[in-house]
Amino acid sequence: MNDRDDRLRQLEQENRDLRADLHEARATLDAIRSGEVDALVVHGANGEQVFSLRGTDHSYRVLLEEMQAGAVTLAPDGSVLFANRYMEQMLQVPLEKVIGRDFDRFVQDADRFYFSSLKAKGGTGTAFGELKLSGQDGTAVPVYLSANRLLLADTPVLCLAVTNLTDQKRHEQVLAQERLSRAIIDQSAEAIVVCDARGIVMRANRSAFDLAGHHFGKRPFDDVFTIGLKTDDRERQESLQPPTAFSIQQVIAGRRFLATGAFLEKEGRPIRHLLLSAVPLVDDARSVIGGIVNLADTTEIVELEEQFRLLFENSLSAVVIVDQDGIITAGNPEAGSMFGWSTEELPGQGYMALLDAGDPRLATALKVRQLQGRVRLAEMAAIHRSGERFPIELDSVILPTQPVRTFMIMRDISHRKRAEKALRESEEKFSKAFFSSPAFIFISELATGTFVEVNDAFCEMTGYTRRELVGKSSLQLGITSEKARTTLVRRLNEVDKLQNYEMEIVTKSRQSRNFVFSIELMLHNGKSCMIGSGIDITERRRAEQAVRASLQEKEVLLKEIHHRVKNNMQVISSLMSLQANESQDATLHGVLDDITHRVRSMAMVHEKLYHSADLARVDFADYARSLLDYLWRAHSTAASSIRLATDMEPISFTTDVAVPCGLILNELVSNALKHAFGGRDCGVITVGLHGGGKNRLTLSVGDDGVGLPEALDWQKTRSMGLRLVQMLTGQLRARVTVSGRKGTCFQIEFDRMRS
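Quick notes on the rules
- Residue numbers run consecutively from 1 along every chain, following the written order of its sequence.
- A pLDDT threshold of at least 70 governs which residues receive local features in this predicted model, and a stricter bar of 80 or more applies before side-chain atom pairs are shown or counted, although totals over entire chains, interfaces and linings include all residues.
- Side-chain numbers here rest on the full set of heavy atoms in the structure, without hydrogens or water.
- In this description, a nonpolar core means a group of buried Ala, Val, Leu, Ile, Met, Phe, Trp, Tyr and Cys residues linked to one another through side-chain atoms lying within 4.5 Å.
- Only protein chains enter the accessibility calculation, which uses a 1.4 Å probe. A residue is then buried if its area is under 20% of the maximum for its type, exposed if over 50%, and partly exposed in between.
- The helix and strand labels rest on DSSP assignments: H or I over at least four residues marks a helix, E over at least two residues marks a strand, and numbering proceeds from the N terminus.
- The contact criterion used is simple: two residues touch if any of their non-hydrogen atoms lie within 4.5 Å.
- What counts as an axis is a line fitted to C-alpha atoms, over the stretch in contact for a helix, and the angles between N-to-C directions run from 0 to 180 degrees.
- Throughout, the term roughly parallel applies to angles under 35 degrees, roughly antiparallel to angles over 145, roughly perpendicular to angles from 65 to 115, and oblique to all others.
- In a left-handed crossing the near helix is turned counterclockwise from the far helix by less than a right angle, and in a right-handed crossing that turn is clockwise.
- Residues are grouped as follows: Ala, Val, Leu, Ile, Met, Phe, Trp, Tyr, Cys and Pro are nonpolar; Asp, Glu, Lys and Arg are charged; all remaining types, including Gly, are polar.
- To obtain the arc, one takes the directions from the helix axis to the C-beta atoms.
- One requirement defines pairing of two strands: DSSP has to find at least two bridges between them.
- Salt bridge criterion: a side-chain nitrogen from Lys or Arg within 4 Å of a carboxyl oxygen from Asp or Glu.

## Observations regarding the nonpolar core
Here is step 1 of the chain: Counting residues in each nonpolar core, the largest one holds 45 residues, and the members touching the most others are Phe 620, Phe 653, Cys 661, Leu 665, Val 669 and Phe 750.
Here is step 2 of the chain: Of all the secondary-structure elements, those providing two or more residues to this core are helix H20 (620-634), strand E26 (642-648), helix H22 (655-675), strand E28 (683-691), strand E29 (696-703), helix H23 (720-731) and strand E31 (744-751).
Here is step 3 of the chain: Here this core gets 11 residues from one element, more than from any other, and that element is H22.
Here is step 4 of the chain: Val 669 has contacts with Leu 628, Leu 631, Trp 632, Ile 685, Val 687 and Val 701, leaving out every residue within four places of it along the chain.

Next up, the structure:
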């Protein structure tokens, strides 16, 4: 208990001592303020230091107190020894709370490091710079501060001269704002024009000059810009009697304009679309001193709006715009047509009148749209005005507008659904046909040869299962060689489709079999593939090889027959020629010569066939030239002065036609050489073979000799040669025309099919 009483007494004594010290400090401070003391003792790290306060001239102190700048003296430890009244006003802090305190406390935190560097520099010379002090309420005070070292009673102190930059900064800020405003106006994309009370342009920015197309200077606004207004914009003017064109004089008269559909005119026609805003320019007394016109070039926006309108009205999809209450505000013609409403009836309808509320997909779609701002449904039910339901594809987007609008695009997919159904049925039919076809069918990738699909017949033919084939290439399985596959791919890239393309396939049992395929390119899952359908022709190839071998044997036999017939006829011809040469009877000699020539003409046919690649047909023009060459040699005396002229097309005859025609040619030419040029030493025999119209051929033999006697009927003559001609032309069922005006000409016309 006694200890407690002692403690209370001790505390009371300390309280009395503190009160005495406080009273003494206040008295000292009052003395300092009134100038009643000569010096101030400051206790520091170096002991007591005495600072004289009356060591300076009184007038100098008055100057410091009255100057419009702050003056501060700092002790070496940074405490304030002196501050004038301007510092008190600047900081809004009483001097008694300034003197004796560390000056750093009045410097804003961000500038304390900088202030320390200024003090350090000022301790050795002069330092100055800008920083911010803190007022009583924490307000930043921008100042310009200079620091200088001074000796006071042999003690170094730091004198600070502090200039308040608040007004200067405020003025600079106003100037900066004005420059910024000017820059904004000058750099604005909108044309801004300021006019005086007479409508003369006082100022205009760069965009205004660009819009006008030239630098117009101080000219009347209405002379520079001719601006027209649309009807709906005129109705928005304050005037009940709107003008047909905008004039700055109406603005100066006190009217305001806001025209979204204004347009700049040149030579009586609109050249640019404008958004026009015009207000009177007033002074502080609210008197009109001019007008301000703002012109925004909206040409691109108007053109985009027109494009959107055309797209909206001509879209093949139904498009409606819905407000935040779910009411349709606009719909395009396709929407009216799709749902059975006219474009005038659609606005005002609830959009739910178009959709089947019973479709469970609708509720889910609305939730998704609310969360994500848009939704897309590949299929949902819609309702026609008649009540008929039909499938649609829906895209719905909430537009970021005020008020909120929803953009809905709907496409009738009834046709697509029917097409998809037909496609599924077609695919099912194709699948059945593909897998059940007896032909070998495969689908493989063009680039790699990997099998995509094969049918049962292909599996059976190759000996592989479908699982073993699909996903592997023909090269991996060894079904085709790399050379065969490379050739196939190259051919397909050239022609896209191959018919009757033969390939050799190696089965799982490593047997080689021959196939003929029809192959063409197709797209499967976005990849270029080939689809092929083929049949096994291995047995047919073997049969063909057997037939080919048999034919080769027969060709050899037939050639041998022709050769032997030709030789036999050659022997007969030679025998007849020998007999004729031994005969002393001129008539018999002539008869034997004729028979020799006839046999020779037939033998030459077999000779030509023997040397020909085609054992059934002979080139008659080539044969005829050889026969005529032989006849000219045989009748060397009579033919020596006769010229031969031929004009024959290269036409092939069978032996059934070649032999009769050769005999006819032999008889007619021999007859001409013997009888046509009696008593003449020159002449011409012409031989022709031509293919006429209607599948007819014409063989002609003519001469420019004496011609047939007028009384001679060649068809009734007893001449062996002409009778033979009649028989042979009858065999050919030919029509014979004989003319005898300038010499004699036989024309034998017969059916081409017989050749």
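Picking up after the structure, the text goes on.
## Things to note about the packing of H22 against H23
Here is step 1 of the chain: Relative to each other, H22 and H23 sit at 155 degrees, their axes nearing to 9 Å. Accordingly, the angle class assigned to the pair H22 and H23 is roughly antiparallel. At the point where H22 passes H23, the crossing takes the left-handed sense. Where H22 abuts H23, its residues Asp 656, Pro 660, Leu 663, Ile 664, Glu 667 and Leu 668 lie against Gly 721, Leu 724, Val 725, Leu 728, Thr 729 and Gln 731.
Here is step 2 of the chain: Looking at the contact of H22 with H23, its residues break down into 7 nonpolar, 3 polar and 2 charged.

## Things to note about helix H4 (residues 112-122)
Here is step 1 of the chain: Listed in full, the buried residues belonging to H4 are Phe 115, Leu 118 and Gly 122. Projection of H4 onto a plane perpendicular to its axis shows the buried side chains occupying an angular sector of 55 degrees, all on one side. Summarising the geometry of H4, the exposed residues directed more than 90 degrees from the buried face are Phe 113, Ala 120 and Lys 121.
Here is step 2 of the chain: On the buried face of H4, the contacting elements are strand E3 (70-74), strand E5 (126-134), strand E6 (140-152) and strand E7 (155-164).

## Notes on the environment of Leu 275
Here is step 1 of the chain: Counting through the fold element by element, Leu 275 comes out in strand E13 (residues 269-282).
Here is step 2 of the chain: Excluding its chain neighbours within four sequence positions, the residues that come into contact with Leu 275 are Leu 258, Ala 259, Thr 260, Asn 294, Leu 295, Ala 296 and Thr 298.

## Topic: the pairing of strand E12 (residues 257-266)
Here is step 1 of the chain: In the sheet, strand E10 (residues 227-228) pairs with E12 via 2 bridges, with the strands oriented antiparallel. Bridging from a neighbouring strand, Ile 227 pairs with Leu 264 of E12.
Here is step 2 of the chain: Summarising the sheet, E12 and E13 pair through 8 bridges and their orientation is antiparallel. Looking at E13, one finds that Ala 259 is bridged to Leu 276.
Here is step 3 of the chain: Where E12 folds back onto E13 in an antiparallel hairpin, the turn is made up of 2 residues, including Glu 267, whose phi is positive at roughly 55 degrees.

## Considering the pattern of salt bridges
Here is step 1 of the chain: Applying the stated rule across the entire model yields 27 salt bridges.
Here is step 2 of the chain: When the shortest N-O distance is used, the salt bridge between Glu 306 and Arg 309 registers 2.3 Å. Highlighted residues: Glu 306 and Arg 309, both in helix H10 (residues 299-314), separated by 3 residues, approximately one helical turn.
Here is step 3 of the chain: Among the ionic contacts, a cluster of salt bridges with common partners joins Arg 376, Glu 393, Asp 395, Arg 411, Arg 416 and Glu 420.

## Observations concerning the sheet that holds strand E16 (residues 328-331)
Here is step 1 of the chain: Read from one edge of the open sheet, 5 strands run E16-E15-E19-E18-E17, paired in antiparallel fashion. Among the strands making up the open sheet, the edge pair consists of E16 and strand E17 (374-383). Each strand of the sheet is rotated relative to its neighbour by a mean of 25 degrees, with strand direction disregarded.
Here is step 2 of the chain: In this structure, E17 lies alongside strand E18 (residues 389-399), joined through 8 bridges in antiparallel fashion. Residue pairing in the sheet places Arg 374 in a bridge with Val 397 of E18.
Here is step 3 of the chain: Relative to the sheet, helix H12 (residues 360-372) contacts E17, E18 and strand E19 (405-412), its axis offset from that of E17 by approximately 155 degrees.

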